[in-house]
Amino acid sequence: MHLLGILAAVDVQSNSVERTFSHLRAVDGPEPSTAAPLTLEDLYRQHRMRLVRLAILLVDEPATAEDVVQEAFTGLHRNWGGLRDAQAAVGYLRTAVVNGSRSVLRRRKTARDYTPPHTANARSAESLAMLTAEHQAVVNALAKLPPRQREVLVLRYYGDLSEAEIAEATGISKGTVKSTASRALDALQKAMAN
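Residues numbered from 1 in each chain as written. Predicted model: local features only at pLDDT ≥ 70, side-chain atom pairs only at ≥ 80, totals over all residues. Heavy atoms only, no water.

J.: I keep staring at the overall build of the protein and nothing clicks. Help me out?
T.: The helix and strand tally for the protein stands at nine helices and zero strands. Reading the helices (α) and strands (β) of the protein from amino to carboxyl end gives α-α-α-α-α-α-α-α-α. Burial statistics for the protein: of 194 residues in total, 36% are counted as buried. Considering only contacts within the protein whose residues lie at least 6 apart along the sequence, 70% involve residues at least 24 apart. Carbon together with sulfur atoms contributes 56% to the accessible area of the protein, which is approximately 11100 Å² in total. (Helix = DSSP H or I, 4+ residues; strand = E, 2+ residues; numbered from the N terminus. Buried < 20%, exposed > 50% of the residue type's maximum accessible area, 1.4 Å probe, protein only. Contact = heavy atoms within 4.5 Å. Areas by Shrake-Rupley, 256 points an atom, 1.4 Å probe, with all protein chains shown as cover.)

J.: How should I be thinking about the environment of Gly75 in this particular structure?
T.: Here Gly75 shows up in helix α3 (residues 62–78). Each C-alpha atom, one on Gly75 and one on Tyr92, is 9.1 Å from the other, the two residues being 17 residues apart in sequence.

J.: Please clarify how the nonpolar core should be interpreted in this entry.
T.: Nonpolar side chains tend to gather and get buried jointly when the protein is soluble and globular. If you look at the biggest cluster of nonpolar residues, it comprises 42 residues, and the most contacted ones within it are Leu54, Val97, Leu153 and Leu188. At the level of elements, α2 (40–59), α3, α4 (86–114), α6 (133–143), α7 (147–158), α8 (163–170) and α9 (174–193) are the ones that each hand at least two residues to this core. Per-element tally for this core: the top contributor is α2, with eight residues. Both domains that furnish three or more residues to this core are identified here as domain 1 (38–123) and domain 2 (131–193). (Core = buried A, V, L, I, M, F, W, Y, C linked by side-chain atoms within 4.5 Å. Domains from an automatic or database assignment.)

J.: Explanation requested: the packing of aromatic side chains in the structure shown.
T.: The relation between two aromatic rings is expressed through the spacing of the ring centres and the mutual angle of the planes. Counted under the stated rule, the structure contains one aromatic pair. Residues Tyr44 and Phe73 carry aromatic rings whose centres are separated by 5.0 Å and whose planes lie at 70° to one another, so their mutual orientation is edge-to-face. Of the two residues, Tyr44 is situated in helix α2 and Phe73 in helix α3; the sequence distance between them amounts to 29 residues. Across the ring face of Tyr157, the terminal group of Arg156 is positioned such that the distance to the ring centre comes to 5.7 Å. (Phe/Tyr/Trp six-rings, centres within 6.5 Å; stacked < 30°, edge-to-face > 60°. Lys NZ or Arg CZ within 6 Å of the ring centre and 35° of its normal.)

J.: It is not clear to me how the side chain of Thr180 should be interpreted in this structure. Could you clarify?
T.: Looking at the secondary structure, you find Thr180 in helix α9. Of note is the side chain of Thr180, whose polar atom sits 2.6 Å from the backbone oxygen of Thr176. For Thr180, the residues in contact, after removing those within four places along its chain, are Arg148, Gln149 and Val152. (Polar contact = N/O pair within 3.5 Å; in protein donor to acceptor, adjacent residues only side chain to side chain.)

J.: Any chance you could explain α2 here in plain terms?
T.: Along an α-helix, residues three or four positions apart point the same way, because every turn accommodates 3.6 residues. Here α2 is 20 residues long, yet its end C-alpha atoms lie only 25 Å apart, well below the 28 Å a rise of 1.5 Å per residue gives. Bending of α2 peaks at approximately 50° at the position of His47. Within the sequence span of α2, burial applies to Asp42, Leu43, His47, Arg50, Leu51, Val52, Leu54, Ala55, Leu57, Leu58 and Val59. (Expected span 1.5 Å × (residues − 1). Bend = angle between axes of the 7 residues up to and from the residue.)

J.: Could you clarify how one ought to interpret the side chain of Thr170 in this entry?
T.: Mapped onto the elements of the fold, Thr170 is located in helix α8. According to the relative accessible area criterion, Thr170 is buried, its value standing at 5%. Contacts of Thr170, omitting those with residues within four sequence positions, involve Val98, Arg102, Glu151 and Leu155.

J.: For this particular structure, what's the right way to read the packing of α7 against α9?
T.: A packed helix pair is summarised by two numbers, namely the angle formed by the two axes and the spacing between the axes. Taken N-terminus to C-terminus, the directions of α7 and α9 make an angle of 100°; their axes are 9 Å apart at the nearest point. In terms of orientation, α7 and α9 fall into the roughly perpendicular class. For the pair α7 and α9, contact is made by Arg148, Gln149, Val152, Leu153 and Tyr157 and by Thr176, Val177, Thr180, Ala181, Arg183, Ala184, Leu185, Ala187 and Leu188, respectively. Class assignment of the residues belonging to the contact of α7 with α9 gives a composition of nine nonpolar, three polar and two charged. (Axes fitted to C-alpha atoms, helices over the stretch in contact; angles between N-to-C directions. Parallel < 35°, antiparallel > 145°, perpendicular 65-115°, else oblique. Nonpolar A, V, L, I, M, F, W, Y, C, P; charged D, E, K, R; others polar.)

J.: Help me understand α7, please; the structure alone is not making it clear to me.
T.: Over its twelve residues, α7 extends 15 Å from the first C-alpha to the last, a length consistent with the 16 Å expected when each residue adds 1.5 Å. In terms of burial, α7 is largely enclosed, as nine of its twelve residues are buried. Residues of α7 that are buried include every one of Gln149, Arg150, Glu151, Val152, Leu153, Val154, Leu155, Tyr157 and Tyr158, and no others. Looking one or two residues past α7, Asp160 carries a phi angle of roughly 55°, positive in sign.

Here you go:
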């Protein structure tokens, strides 16, 4: 009976995470269509805010997230001639944002090793007002996860990516994506229970 109770709790937790990220995806609106050939300006206009929100979920600072996305677009501009198509550009940008967020988190960790830890930045009142108490609890617990677990959950439930797409964006195997997502949901459940 104890095992069934744990499985039920994990299922409830997974549903809560999925609801929170579905809510955040709804704020973004539908994914822009890439049927017609796109210019760099079109990609910027259509995907910038979605990528900024993705980066915010990974690095927890709006200004830093905007810098990460700007660097991703700068890199795309440098490599524009070597792209296959517009869809490849969106994948390039997503991967660049994930990698840029990782770099930011590594730099933060290095900085913490040399200076006393600082207090975490508080979320803006506007962003907290948009979330219900349940959603706030999920986002707060998400911030406590290790970076890779956070990346996988954000890309899965907020980015609505498949395991294969997550593996490509993060540079890990599909099996690692599955196990990381499972461990991340368990850790999220424990963090929300406290």
